[in-house]
Amino acid sequence: MTDRLQKILSARGVASRRTAEQMILDGRITVNGQPAVLGQTADPDTDKIFLDGKPIPAGTQPVYIMLHKPRGFVTTLSDEQGRRTAAELVADCGARVYPVGRLDLSSEGLLLFTNDGAFADQMMHPKHQVDKTYLAWVSECSEAAIDRLRQPIELDGYRIRTPKVRLAKPGLLEITIHEGRNRQVRRMCEKAGMHVTRLRRIREGSLSLGELSVGKWRHLTDAEVMALKGQK
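Parameters and conventions
Residues numbered from 1 in each chain as written. Predicted model: local features only at pLDDT ≥ 70, side-chain atom pairs only at ≥ 80, totals over all residues. Heavy atoms only, no water. Helix = DSSP H or I, 4+ residues; strand = E, 2+ residues; numbered from the N terminus. Buried < 20%, exposed > 50% of the residue type's maximum accessible area, 1.4 Å probe, protein only. Contact = heavy atoms within 4.5 Å. Lys, Arg positive; Asp, Glu negative; His and termini not counted. Charge placed at Lys NZ, Arg CZ, Asp CG, Glu CD. Pairing = 2+ DSSP bridges. Salt bridge = Lys/Arg side-chain N within 4 Å of Asp/Glu carboxyl O. Polar contact = N/O pair within 3.5 Å; in protein donor to acceptor, adjacent residues only side chain to side chain. Arc of directions from axis to C-beta. Phe/Tyr/Trp six-rings, centres within 6.5 Å; stacked < 30°, edge-to-face > 60°. Lys NZ or Arg CZ within 6 Å of the ring centre and 35° of its normal.

Undergrad: Explain the overall build of the protein to me, please; I cannot follow it from the model alone.
TA: Per the secondary structure count, the protein includes seven helices and 17 strands. Taken along its principal axes, the extent of the C-alpha atoms in the protein is 65 × 40 × 35 Å. Relative to its 232 residues, the protein shows a buried fraction of 46%. The contacts in the protein between residues at least 6 apart in sequence include a share of 65% that link residues at least 24 apart. Of the side-chain charges in the protein, 36 are positive and 28 negative, and the distance between the mean point of each set is 3 Å.

Put into structure tokens, the structure is as follows:
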């Protein structure tokens, strides 16, 4: 069955559609020996689709994993600087999966992995704006600073939606954001006059981190996957 090339790459667990598009633009994908072009269609059952000179994986069962990422791990499949990667922690899951979104080196908490490109695109696409909730340990915390944090803030020329902010205990905030901009929570707090000393993501959409231990992962249940896919 013929389909758009980036959709095929996504469905085969090669990468998300956005990343697959960049792979095509970078000349890493060939179809029947010819360099692929963006927007091209192919039939994965009859056409020879290669990535970096090697055949793309055959169709696989979708895998959905939640990891409790520790601090000190980068959210990449490999790292040129030799730092530890979150992907190493899920390497024993039995499938080639990649992270859905990011948590920076110093952050911890809920991080999704999957080989389902359509699911990854849905979770990361700006139009869906899947809510993400964090616990933020902050210094210079005051009522005035919290009030500033609750106001609309502009980052990178973009006015973010007003976050939900709750004081869990002195110096500890629960913050829910609606976008996923680079280091968003840390930068929001800085603009409000607070400094984040520790940051943990505890919820993404309908999915909660719960009691999952640091550095451990588990498969999502069918009900959890359905709930995430049903989010708008």
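On we go from here.
Undergrad: For this particular structure, what's the right way to read the pairing of strand S9 (residues 108-114)?
TA: On a regular strand, one side chain projects to one face of the sheet and the next to the other, so that they alternate. Burial within S9 is extensive, with seven of its seven residues counted as buried. Taken together, the six bridges between strand S7 (residues 64-69) and S9 define a ladder with antiparallel strand orientation. By the bridge assignment, leucine 67 is partnered in S9 with leucine 111. Here three bridges tie strand S8 (residues 98-100) to S9, and the two strands are oriented antiparallel to one another. Looking at S9, one finds that tyrosine 98 is bridged to threonine 114. With two bridges joining them, S9 and strand S15 (residues 195-204) adopt parallel strand pairing. By the bridge assignment for S15, glutamate 108 is matched with arginine 200.

Undergrad: What should I look at first to understand the sheet that holds strand S5 (residues 49-51) in this one?
TA: Think of a sheet as strands paired side by side through backbone hydrogen bonds, with each pair either parallel or antiparallel. Spatial strand order, S3-S2-S5-S6: four strands in an open sheet with antiparallel pairing. Both outer strands of the open sheet, strand S3 (34-35) and strand S6 (54-55), are each paired with one neighbouring strand and no more. Pairing geometry for strand S2 (residues 29-31) and S3, over two bridges, is antiparallel. Each bridged residue has a counterpart across the sheet, and for valine 31 the counterpart in S3 is glutamine 34.

Undergrad: Explanation requested: the pattern of salt bridges in the structure shown.
TA: Two side chains with opposite charge may pair up if their charged atoms get near one another. Enumeration over the complete set of coordinates arrives at 16 salt bridges. Between arginine 83 and aspartate 79 there is a salt bridge, with its nearest N and O atoms 3.0 Å apart. Of the charged contacts in the structure, one is a salt bridge between arginine 186 and aspartate 104, with a shortest N-O distance of 3.2 Å. Placement of arginine 186 in helix H6 (residues 184-191) and of aspartate 104 in the loop between S8 and S9 is noted, with a sequence separation of 82 residues between them. You'll find arginine 186 and aspartate 104 in the same group, each marked buried. One continuous salt-bridge network, built from bridges that share partners, spans Arg71, Glu108, Arg198 and Arg200.

Undergrad: Whenever I open this one, the side chain of histidine 178 confuses me. Can you help?
TA: The residue histidine 178 is located in the loop between strand S14 (172-177) and H6 in this model. Looking at histidine 178, the relative accessible area reads 5%, which means it is buried. Looking at histidine 178, its side chain comes within polar contact range of the side chain of aspartate 131, at 2.7 Å. Within polar-contact distance, the side chain of histidine 178 engages the backbone oxygen of threonine 162 at 3.1 Å. With residues near it in sequence (within four places) discarded, histidine 178 still touches Gln129, Val130, Asp131, Arg161, Thr162 and Pro163.

Undergrad: Any chance you could explain helix H2 (residues 17-25) here in plain terms?
TA: Within an α-helix, residues lying three or four positions from one another point in the same direction, as the helix has 3.6 residues per turn. All of the buried residues along H2 are Ala20, Met23 and Ile24. Looking straight down H2, one finds that the buried residues subtend no more than 100° of arc, so they occupy a single side. Looking at the buried positions of H2, the neighbouring elements they touch are helix H1 (5-11), S2 and S5. In the stretch just after H2, glycine 27 is the one whose phi turns positive, near 80°.

Undergrad: I keep staring at the packing of aromatic side chains and nothing clicks. Help me out?
TA: Inspection of the entire model under this criterion finds one aromatic pair. Ring geometry for tyrosine 64 against phenylalanine 119: centres 5.0 Å apart, planes inclined by 80°, an arrangement best described as edge-to-face. In this pair, tyrosine 64 is assigned in strand S7 and phenylalanine 119 in helix H4 (residues 117-124), connecting sequence segments 55 residues apart. Under the relative-accessibility criterion, tyrosine 64 is labelled buried at 10%. Here the guanidinium or amino end of arginine 198 rests over the ring plane of tryptophan 137, the centre of that ring lying 5.0 Å away.

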